[in-house]
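Survey of secondary and tertiary structure
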Amino acid sequence: MNFKKIIYTLAISGMIFNCSSNSNDDLTPDPDPDPNAKITYEANVKSIISGNCVQCHGNPTANGAPFSLTTFTLVKNRIDAIIPRINSSSSPMPPTGQMSSSNRNIIQQWKDDGLLEN
Ligand code: HEC
């Protein structure tokens, strides 16, 4: 094997190596944006509570509401009282009537996902 053949062989094997390396990269899928994103307080729950609850469950509370729901910890600690009341038809929260089922489902899913803050 002369010098030219050696260089040629090295160049070819280099190309093969690069190609297989590149195709391995292609086989690794990019991280999907968020097919199974979990519900979090900051992203999903906070806006529902502030839009529907804190006019009474604010800080300070108003209209006879017994506690504040103004922080992640306060809402998380009350979740087992909140879920039955938002789904109650006889004494719903908010008292004016049940929220949309999508809002109620988000709060249920937040609990099922582990009550994440972020
Ligand atoms: C118009 C005022 C008002 C709004 C809005 C409101 N609440 Fe209330 N909430 C009250 C009052 C007054 C009570 C106490 C009387 C009762 O239990 O019905 C109460 C009680 C509760 C209780 C029961 C506490 C217990 O120990 O049983 C929960 C849970 C609750 N609210 C959650 C919520 C949530 C969650 C929202 C928003 C989705 C909300 N509330 C919106 C006034 C309000």
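So, here is what we can say about the structure in this document. Bear in mind that the values here come from a model prediction, so they are computed numbers and not experimental data. (Residues numbered from 1 in each chain as written. Predicted model: local features only at pLDDT ≥ 70, side-chain atom pairs only at ≥ 80, totals over all residues. Heavy atoms only, no water.)

On to helix α5 (residues 101–112). Because the α-helix completes a turn every 3.6 residues, residues three or four places apart line up on one side. For α5, built from 12 residues, the straight-helix expectation of 16 Å at 1.5 Å per residue is met to within 8% by its first-to-last C-alpha distance of 16 Å. Every buried residue of α5 is listed here: N103, R104, I107 and W110. Along α5, the residues classed as buried sweep out an arc of 120 degrees about the axis, all on the same side. Of the residues flanking the end of α5, it is G114, one or two places downstream, whose phi is positive at about 105 degrees. (Helix = DSSP H or I, 4+ residues; strand = E, 2+ residues; numbered from the N terminus. Expected span 1.5 Å × (residues − 1). Buried < 20%, exposed > 50% of the residue type's maximum accessible area, 1.4 Å probe, protein only. Arc of directions from axis to C-beta.)

To continue, consider the coordination of the iron atom of the ligand. Distances from the iron atom of the ligand to its protein donors, namely H57 (NE2) and M93 (SD), fall within the range 2.0 to 2.2 Å. In this structure, the iron atom of the ligand is surrounded by 6 donor atoms whose angles at the metal cover 87 to 179 degrees, and the resulting shape is octahedral. Note that H57 is positioned in the loop between α2 (41–52) and α3 (72–77) and M93 in the loop between α4 (79–87) and α5, a separation of 36 residues in sequence. (Donors = N, O, S within 2.8 Å, 3.2 Å for Na, K, Ca; no water. Tetrahedral: all angles 85-135°; square planar, octahedral: opposite > 155°, others 65-115°.)

So, on to the site of the ligand. Near the ligand, the surroundings consist of 19 residues, among which C53, C56, H57, R85 and M93 are the closest. Here a nitrogen atom of the ligand sits 2.7 Å away from a polar atom, N or O, in the side chain of H57. R85 is positioned with one of its side-chain polar atoms (N or O) 2.7 Å from an oxygen atom of the ligand. Counting atoms within 2 Å of the grid points, the majority share of the ligand lands in the largest pocket. Residues of the shell around the ligand, tallied by class, amount to 13 nonpolar, 5 polar and 1 charged. (Near = heavy atom within 4 Å. Polar contact = N/O pair within 3.5 Å; in protein donor to acceptor, adjacent residues only side chain to side chain. 1 Å grid on protein atoms, 1.4 Å probe; cavity = no way out; pocket = protein on both sides within 12 Å on 5 of 7 lines; lining within 4 Å. Sits in = over half its atoms within 2 Å of the grid points. Nonpolar A, V, L, I, M, F, W, Y, C, P; charged D, E, K, R; others polar.)

With respect to the element layout, R85 can be found in helix α4. Sequence separation between R85 and Q98 is 13 residues; the distance between their C-alpha atoms is 9.0 Å. Discounting residues that sit within four places of it in the chain, R85 has contacts with S91, P92 and M93. (Contact = heavy atoms within 4.5 Å.)

This part takes up the packing of α2 against α5. The geometry of α2 relative to α5 is characterised by a closest axis approach of 10 Å and an angle of 130 degrees between their N-to-C directions. Here α2 lies oblique to α5, going by the angle between them. The two elements α2 and α5 meet at a crossing, and its hand is left-handed. Within the contact between the two elements, α2 uses Y41, N44, V45, I48, I49 and N52 and α5 uses N103, I106, I107 and W110. (Axes fitted to C-alpha atoms, helices over the stretch in contact; angles between N-to-C directions. Parallel < 35°, antiparallel > 145°, perpendicular 65-115°, else oblique. Left-handed = near helix turned anticlockwise from the far one by under 90°.)

Glancing now at the pattern of salt bridges. Evaluation of the coordinates by the stated rule reveals 2 salt bridges. Here K46 and E42 are joined by a salt bridge, their closest N and O atoms 3.7 Å apart. Taken as a pair, K46 and E42 lie in helix α2 at a separation of 4 residues, close to a single helical turn. (Salt bridge = Lys/Arg side-chain N within 4 Å of Asp/Glu carboxyl O.)

Attention now moves to the nonpolar core. In terms of nonpolar packing, the biggest core is built from 18 residues, with I49, L69, V75, I107 and W110 touching the most fellow members. Of all the secondary structure elements, the ones that give two or more residues to this core are α2, α3, α4 and α5. Aside from chain neighbours lying at most four places away, what touches I107 is I48, I49, I79, I82, I83, I86 and M99. (Core = buried A, V, L, I, M, F, W, Y, C linked by side-chain atoms within 4.5 Å.)

For P94, the position within the fold is in the loop between α4 and α5. The sequence separation of P94 and C53 amounts to 41 residues, and the corresponding C-alpha distance is 6.4 Å. Once residues within four sequence positions are removed from consideration, P94 is found in contact with N52 and M99.

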